[in-house]
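# Summary of the model geometry
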Amino acid sequence: MTFEATADPAAAPGGPVGADGTVGAATTGEPDEAARRLYLAILADGGRMRIADVPETEQGTVRRLVSIGLLMTNPMDACYTAVSPRSVSDRLGAELRSEATRLLVRAESLPGALDALTRAYDAMPRPPERSGGAVYIEGHIHIRHRISQLVADCRTEVLTAQPGARPADALKIAIQQDVQLLQRGCSLRTIYQPVAFSEPPALAYAEEVTRRGSLIRILDEPFERLMVFDRSVAVISATDDHSTAAFITDPAAIAFIVNAFERDWSRADATDWSAVLSQGPAHSAPERVGRLLARGLTQRAVATRLGLSERTVAAHISRLRDRYGAQTLFQLGWLMRGGRDDG
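Before going into details, it helps to say that this report is about the structure given with it. (Residues numbered from 1 in each chain as written. Predicted model: local features only at pLDDT ≥ 70, side-chain atom pairs only at ≥ 80, totals over all residues. Heavy atoms only, no water.)

## A few points about the overall build of the protein chain
Stated formally: The way it works is that DSSP assigns letters per residue, a run of H or I at least four long becomes a helix, a run of E at least two long becomes a strand, and they are numbered from the N terminus. Here the term buried applies to any residue with accessible area under 20% of the maximum for its type, exposed to any over 50%, and partly exposed to those in between, with areas from a 1.4 Å probe on protein chains only. Two residues form a contact once any of their heavy atoms are found within 4.5 Å. Under the convention used here, a 1.4 Å probe and the Shrake-Rupley method define accessible areas, while residue burial counts only the protein chains that appear.
Scanning the protein chain from terminus to terminus reveals 14 helices and 11 strands. When each of the 343 residues of the protein chain is scored for burial, the buried share is 35%. Expressed as a percentage of contacts within the protein chain between residues at least 6 apart in sequence, the contacts between residues at least 24 apart total 68%. As displayed, the protein chain offers around 20,100 Å² of accessible surface, 56% of which is attributable to carbon and sulfur atoms.

Here it is, written out as structure tokens:
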């Protein structure tokens, strides 16, 4: 629900070397296990290793130790010489403190540098949000734009309920927005139906956002789509095709909506995402349709339960009939319960 963060190249191991020829502390980090073992082996051999004696498999580890500063090259003797970790620690500590000071100064000056842009953003025309009322916005593009503004302004919490499956392109946008929302320190709780995680893009989304602190629960029953921002603005669908959304600011209405969300949240199932991801995508939509048909649900009831359109459910049923050789919906349900067609 926000924008993609840019990566800092200085944070990557083995990154750029400074103008003075030293490698920044943020770049070098600490020696990994292989580097530690090699350094200890060099110490055991007197603190020196001939350049010609370095095995091909250790070349990368030696370069790592040199970049950290635990080894130095002695070209006169054609060897590497061990450097005291104490001096390396002192140097890297000083570099880190210097970098921290620079970042603090930059952080203090950043609001002022963006002040003009902040004022322009605050003055941007928005739909009126009168206390005690609701604003209706038509058109998916306008709805998404207004939600993006609410996400950008969010400071503490987002509650969402997302029935049905989400398209892959929508998940691609959501993962960028939601990650940055979480990076700002906001909490994000979402209720999904089981069908939402029947495809790999949905599992990839769940893995990324839950890794960053988002909470997701699964509720295997019908519920309505909604979003609540900072418990001050709620967004609900105003039409069956979701082409119109109501943006609600009335405190009593929001309290009612939040209570409904919390009730569903308490009934929903927490999910062990490490187990889910190791098993791969959940049962496919046709399989879930088939299981519900076998339990005796009607086509309309199946569509409601899974958050799918009746047309989509009908297409799944058609494929299941072909697979099982069923002529009627009753026969299909019977066959999927384990019956045999003796005729």
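So much for the structure itself; the text now carries on.
## As for the pattern of salt bridges
For clarity, the cut-off: For this document, the term salt bridge refers to a Lys or Arg side-chain nitrogen within 4 Å of an Asp or Glu carboxyl oxygen.
This structure, assessed with the given rule, holds 11 salt bridges. Across the pair Asp264 and Arg267 runs a salt bridge whose closest N-O atoms are separated by 3.0 Å. Of this pair, Asp264 and Arg267 both sit in helix α9 (residues 251-267), 3 residues apart, roughly one helical turn. Taking relative accessible area as the criterion, Asp264 reaches 14% and is therefore assigned buried. Overall, Arg267 belongs to the partly exposed group, its relative accessible area being 38%.

## Things to note about the packing of aromatic side chains
To keep it simple, the criterion reads: The pairing test for Phe, Tyr and Trp rings, Trp by its six-membered ring, is centres within 6.5 Å, and the orientation test on the planes gives stacked under 30 degrees, edge-to-face over 60, and tilted for anything in between. We call a charge positioned above a ring when the Lys NZ or Arg CZ atom is no farther than 6 Å from the ring centre and deviates by at most 35 degrees from the ring normal.
Overall, the coordinates contain 1 aromatic pair when judged by the stated rule. Their ring planes at 20° and their centres at 5.9 Å tell us that Phe261 and Trp265 sit as a pair that is stacked. Remark: Trp265 and Phe261 occur in helix α9; sequence separation between them is 4 residues, near one turn of the helix. Here Phe261 matches Trp265 in class, with each residue buried. Just above the ring of Trp265 sits the side chain of Arg189; from NZ or CZ to the centre is 5.1 Å.

## Quick look at the state of the cysteines
Formally, a disulfide is one covalent bond, and it connects the sulfur atom of one cysteine to the sulfur atom of another. Threshold: Note on terminology: disulfide denotes any pair of cysteine sulfur atoms within 2.5 Å.
Summed over all chains, the structure comprises 0 disulfides. Here Cys154 is not cross-linked by a disulfide; its sulfur's nearest cysteine counterpart is in Cys186, at 4.1 Å.

## Digging into a nonpolar patch on the surface
Inclusion rule: Within this analysis, patches are made of residues with over 30% relative accessible area and no salt bridge. Like charges are joined at 9 Å or less; nonpolar side chains (Val, Leu, Ile, Met, Phe, Trp, Tyr) at 5 Å or less.
A surface patch of nonpolar side chains, amounting to about 280 Å² of accessible area, comprises Leu110, Leu114 and Leu117. Structurally, Leu110 can be placed in helix α4 (residues 85-113). In this structure Leu110 comes out as partly exposed when scored by relative accessible area, which is 42%.

## Focus: the sheet that holds strand β3 (residues 79-82)
What counts here: The rule for pairing is simple: two strands pair if DSSP sees at least two bridges between them. With axes taken as lines fitted to C-alpha atoms, and helix axes fitted only over the stretch in contact, angles between N-to-C directions fall between 0 and 180 degrees.
Reading across from one edge, β1-β3-β2 is the order of the 3 strands in this open sheet, with antiparallel pairing throughout. A single partner strand is all that each edge strand has here, and the edge strands are β1 (48-50) and β2 (71-74). Between one strand axis and the next, the sheet turns through 25° on average, direction left out of account. Two strands pair when backbone bridges link them, and β1 and β3 are joined in this way by 3 bridges, in the antiparallel orientation. Of the residues in β3, the one forming a bridge with Arg48 is Thr81.

## Considering the pairing of β2
When β2 meets β3, the two strands line up antiparallel, connected through 4 bridges. The residue of β3 that forms the bridge with Met72 is Thr81. Counted along the chain from β2 to the antiparallel partner β3, the turn is 4 residues long, and its residue Ala78 has a positive phi close to 55°.

## Some points on the pairing of strand β7 (residues 215-218)
The following threshold applies: With strands facing away from the observer, any crossover in which the path from the first strand over the helix to the second runs clockwise is taken as right-handed.
Burial of β7 is one-sided: the residues Ile216 and Ile218 facing one way are buried, the residues Leu215 and Arg217 facing the other way are not. Pairing of strand β6 (residues 187-192) with β7 involves 4 bridges; the strand directions are parallel. Note that in β7 the partner of Arg189 across the bridge is Leu215. Read as a crossover between parallel neighbours, the route from β6 over helix α8 (residues 200-211) to β7 is right-handed. Strand direction decides the pairing type here: β7 and strand β11 (residues 269-270), joined by 2 bridges, are antiparallel. Considered in β11, the bridge of Ile218 is made with Asp269.

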